[in-house]
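Each chain is listed here by its residues.
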Amino acid sequence: MDISSGEDSDISESEMEEYEDKYYEKLKNGNYKIKVSNEKYTCPFCPKKKKQDFLYKDLLQHASGVGKSNSDKRSAREKANHLALFKYLENDLRGTVGSSSSSAAAAEVEDPLSGCDHDEKIVWPWTGVVVNIPTQKLEDGRSVGGSGSKLRDELIRRGFNPLRVHPLWNYRGHSGTAVVEFRKDWPGLHNALSFEKAYEADHHGKKDWFANNGVKEGLYAWVARADDYKSSTIIGEHLRKIGDLKTVSELMEEEARKQDRLVTNLTNIIETKNKHIQEMEQRCSETSKSLEALMEEKDNLSQAYNEEIKKIQVSARDHFQRIFSDHEKLKSQLESHKKDLELRGVELEKREALNESERKKLSEELEENAVQNSALHLAALEQKRADENVMKLAEDQKKEELHNRIIQLEKKLDQKQALELEIEQLRGSLNVIRHMGDEDDMEVLEKVDASLKELREKEAELEDLEALNQTLIVRERKSNDELQDARKELINGLKEISTRSQIGVKRMGELDSKPFLEAMKRRYNEELAEERASEVCSLWEEYLKDPDWHPFKRIKLEGGEEYQEVIDDEDEKLRDLKDQMGIEAYKSVTSAIKEINEYNPSGRYIISELWNYGEGRKATLKEGVTFLLKLWDNAKRKRGMT
């Protein structure tokens, strides 16, 4: 059923929605014939002479294109009819499409190359041409037109998914033409061909544009091919700049070659990985054997060590037994000497009655003998305590280090006891010598007393030297802390002074972002380059803080046994940085990691340092103070001049 003659009058734009609902109800009631066969459909709202058979998806694109068209040739009634048809196809007819039609449509969507001449030269990347774009002339004679983004949004709404639309300009302004860029893959080709078919269905294709049938209204569009590419128009010039002519067969062959190359590369990588795995397995096996041998050697060493410890313990017990025997002998000697002194005292008491003078002498000797007996008694008690300590040390002896300490204590104890015994013997001999009148022994005793006095003086002098040394160490630490505090204050002061001079503050380990910005400017526009450079710099600053990343290797210096750490050029991150960002960015990162490794390897964060920019080294405190005083003098002179 066709549109009745009573509906020939046009409608206003405000009535379009009402008429769209009206025709939609008529389509639902079956007033118009749409389906011709299982796969073919027709548009009931196009004139008889323009009727043709459509596939379902083509009729859907035709209805959408006419309903949403901006052309003045399309009346409001015609747009409302086609919008109603589009709504009916989407909501009511989609589920009733025959299985064969659905499968064919699905196959066509899945295979974008169906219905396309594989040997025809097409501009690649896939590009569409739009002409007859409305323009306006300004007072200076130049033409202006709509933006490409507006046309791109319109094409996206119609389901063609273009990437971008470039209006073409020349010295006269907007040329009224534009190119539409689609994705480079096969779905992009499908979108481009659907774009072309939609305009052909609306009689605004390439043939309609070049047909000599009067004034053209609305947009005309098609997919760019060899004749467009080779034309001398502004369209041809732009197409030759952005693309190339290729056939679908050539692209398929090129894609097949790339896939074969990719498969070959992946196969080689897998083989290399398998060889690496075999090598690692062999190394693991060798390492396991080496570990087993080391464990066996460790067990043997432990067994030998335990046997040696047992031998040392047996030897220590024998040695302690000998020490006990020697101590017993010393005790018996002391007892014998004590008895001799007691007998000497008895003998002196017997001689007390001889005369008064001798009684006084004997009384003095008796007192001295009493003192000596007391000293001997104390020595005996000291000997007894030493024996008890030695017994306790003998019981606690387990290892060689304690054994050595006991031997040292024994030597010191023996030396002390021997010295005390010798002193007591000399003193006893002195009394006897005084009584007997022997002068030679008196000289020996005086020499011993002089030696003891000198020893006490040396010990006192040593204690004084140790006290003086401790005082100097404390003063040196205090002076060093004061110098470090002064250097920090100087750095904080110079941070606030904005001046370019030989002496200043340098942030050690700070990354220079200029090389990254220059590298990004070569790829992107200025705004996008700054954003990308900032992202890359932030990423590398995180790498510099990572303590697990240490891109250094040790090399042996010539003529010696010393080693030096240098940058590892084979480091994967640094190698990728040099390839992608250039040598200047590589130098910026390596300079920062060297400074961090030298000035703050443990913290891995940026620190401020007093720096001599003229000589490229760390400045001394004296240089910083001299520079600060110079600035102060200059400031005073300027205030005096004003």
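If you're wondering where the values come from, they're calculated on a predicted model, not measured in any experiment.

## With respect to the overall build of the chain
Each helix and strand in the chain was counted, giving 18 helices and 13 strands. Among the 642 residues that make up the chain, the fraction classed as buried is 31%. Considering only residue pairs separated by 6 or more positions, the chain has 63% of its internal contacts joining residues 24 or more positions apart.

## What to know about unusual backbone geometry
In this model, W124 is joined to P125 through a cis peptide bond whose omega is 5 degrees. Relative to the helices and strands, P125 is located in the loop between β1 (122–124) and β2 (127–131). Even without being glycine, H203 reaches a positive phi, approximately 60 degrees. Take H203: it is sitting in the loop between α6 (186–201) and α7 (206–210). Overall, H203 belongs to the partly exposed group, its relative accessible area being 29%.

## Describing a negative patch on the surface
Together, E15, E17, E18, D21 and E25 make up a negatively charged patch on the protein surface. Here E18 lies in helix α1 (residues 16–28).

## Focus on the pattern of salt bridges
The final tally for this structure, using the stated rule, is 14 salt bridges. When the shortest N-O distance is used, the salt bridge between K258 and E254 registers 3.7 Å. One end of the pair is K258 and the other is E254, both in helix α10 (residues 248–350) and 4 residues apart, which spans about a single turn. Classification of E254 as partly exposed rests on a relative accessible area of 24%. Salt-bridge contacts for R532 lead to E535; the nearest nitrogen and oxygen are separated by 2.8 Å. Here E535 and R532 lie together in helix α15 (residues 526–545), a separation of 3 residues that amounts to about one turn. Given a relative accessible area of 31%, R532 falls into the partly exposed group. Through salt bridges with shared partners, one network takes in E120, E196 and R225.

## Focus on the packing of α1 against helix α3 (residues 76–93)
In a pair of packed helices, the angle between the axes and the distance between the axes together describe the arrangement. Packing of α1 against α3 brings their axes to within 8 Å, and their N-to-C directions diverge by 45 degrees. By the angle between their directions, the pair α1 and α3 is classed as oblique. The two elements α1 and α3 cross, and the hand of that crossing is right-handed. Here M16, Y19, E20, D21, Y23, Y24, L27 and K28 of α1 come into contact with α3, specifically with A76, R77, K79, A80, N81, L83, A84, L85, K87, Y88, N91 and D92. Taken together, the residues of the contact of α1 with α3 break down into 11 nonpolar, 2 polar and 7 charged.

## A short note on a nonpolar patch on the surface
Together, L262, L266 and I269 line one region of the surface with nonpolar side chains, adding up to about 280 Å² of accessible area. As for its position among the elements, I269 is in helix α10.

## Concerning the packing of aromatic side chains
Overall, the coordinates contain 13 aromatic pairs when judged by the stated rule. Aromatic side chains W126 and W186 sit 6.2 Å apart centroid to centroid with 35 degrees between the ring planes, which places their arrangement in the tilted category. Here W126, found in the loop between β1 and β2, pairs with W186, found in helix α6; they are 60 residues apart in sequence, far enough to count as distant. Accessibility assignment for this pair places W126 and W186 in one class, buried. A centroid spacing of 5.3 Å and a plane angle of 50 degrees characterise the contact between W209 and Y220, whose relative ring orientation is tilted. You can see W209 sitting in helix α7 and its partner Y220 sitting in strand β7 (residues 220–223), a full 11 residues away along the chain.

## Comments concerning the sheet that holds strand β9 (residues 503–508)
Read from one edge to the other, the open sheet built from 3 strands follows the order β9-β12-β13, with strand pairing classed as antiparallel. At either end of the open sheet lies a strand with only one pairing partner, and these are β9 and β13 (617–618). Of the strands in this sheet, β9, β12 (607–612) and β13 are in contact with helix α17 (residues 583–599), which crosses β9 at around 95 degrees.

## Here we look at the confidence of the model for the chain
Put simply, the chain has an average pLDDT of 76, and 74% of its residues get 70 or more. Across the chain, the secondary-structure element scoring lowest on mean pLDDT is helix α4 (residues 99–110), at 41, and the one scoring highest is β2, at 93. Confidence drops under a pLDDT of 50 for residues 98–110, and excluding neighbours within four residues, the segment shows 15 contacts in the predicted structure. Across residues 392–402 the pLDDT falls below 50, and counting only partners more than four positions away or on other chains, this stretch makes 12 contacts in the model.

## Side note on the side chain of R77
Following the sequence through the fold, R77 ends up in helix α3. Classification of R77 as buried rests on a relative accessible area of 8%. Within the local environment of R77, its side chain forms a polar contact with the side chain of Y23, the two groups lying 3.2 Å apart.

## Here we look at helix α16 (residues 572–581)
Of all the residues in α16, the buried ones are L574, L577 and M581. The arc that holds every buried residue of α16, seen down its axis, measures 65 degrees, which confines them to one face. Seen from the open side of α16, the exposed residues pointing more than 90 degrees away from its buried face are E572, D579 and Q580. At its buried positions, α16 is contacted by α14 (514–521), α15, β11 (563–567) and α17. Looking at where α16 begins, the residue whose side-chain oxygen comes 3.2 Å from the main-chain nitrogen of K573 is D571. Note on α16: the residue one or two positions beyond its end, G582, has a positive phi of about 105 degrees.

## Considering α17
Here α17 spans 24 Å end to end across 17 residues, near enough to the 24 Å set by a 1.5 Å rise per residue. Every buried residue of α17 is accounted for by A585, Y586, S588, V589, T590, A592, I593, E595 and I596. Contact partners of the buried residues in α17: β9, α14, α15, β10 (552–556), β11 and α16.

## Regarding the environment of T42
Take T42: it is sitting in the loop between α1 and α2 (56–67). The class of T42 is buried, set by a relative accessible area of 9%. Between the C-alpha atoms of T42 and Y56, which are 14 residues apart in sequence, the distance is 9.1 Å.

The rules we used
Residues numbered from 1 in each chain as written. Predicted model: local features only at pLDDT ≥ 70, side-chain atom pairs only at ≥ 80, totals over all residues. Heavy atoms only, no water. Helix = DSSP H or I, 4+ residues; strand = E, 2+ residues; numbered from the N terminus. Buried < 20%, exposed > 50% of the residue type's maximum accessible area, 1.4 Å probe, protein only. Contact = heavy atoms within 4.5 Å. Patch = residues over 30% accessible without salt bridge, like charges linked within 9 Å, V, L, I, M, F, W, Y side chains within 5 Å. Areas by Shrake-Rupley, 256 points an atom, 1.4 Å probe, with all protein chains shown as cover. Salt bridge = Lys/Arg side-chain N within 4 Å of Asp/Glu carboxyl O. Lys, Arg positive; Asp, Glu negative; His and termini not counted. Charge placed at Lys NZ, Arg CZ, Asp CG, Glu CD. Axes fitted to C-alpha atoms, helices over the stretch in contact; angles between N-to-C directions. Parallel < 35°, antiparallel > 145°, perpendicular 65-115°, else oblique. Left-handed = near helix turned anticlockwise from the far one by under 90°. Nonpolar A, V, L, I, M, F, W, Y, C, P; charged D, E, K, R; others polar. Phe/Tyr/Trp six-rings, centres within 6.5 Å; stacked < 30°, edge-to-face > 60°. Pairing = 2+ DSSP bridges. pLDDT = per-residue confidence, 0-100. Polar contact = N/O pair within 3.5 Å; in protein donor to acceptor, adjacent residues only side chain to side chain. Arc of directions from axis to C-beta. Expected span 1.5 Å × (residues − 1).

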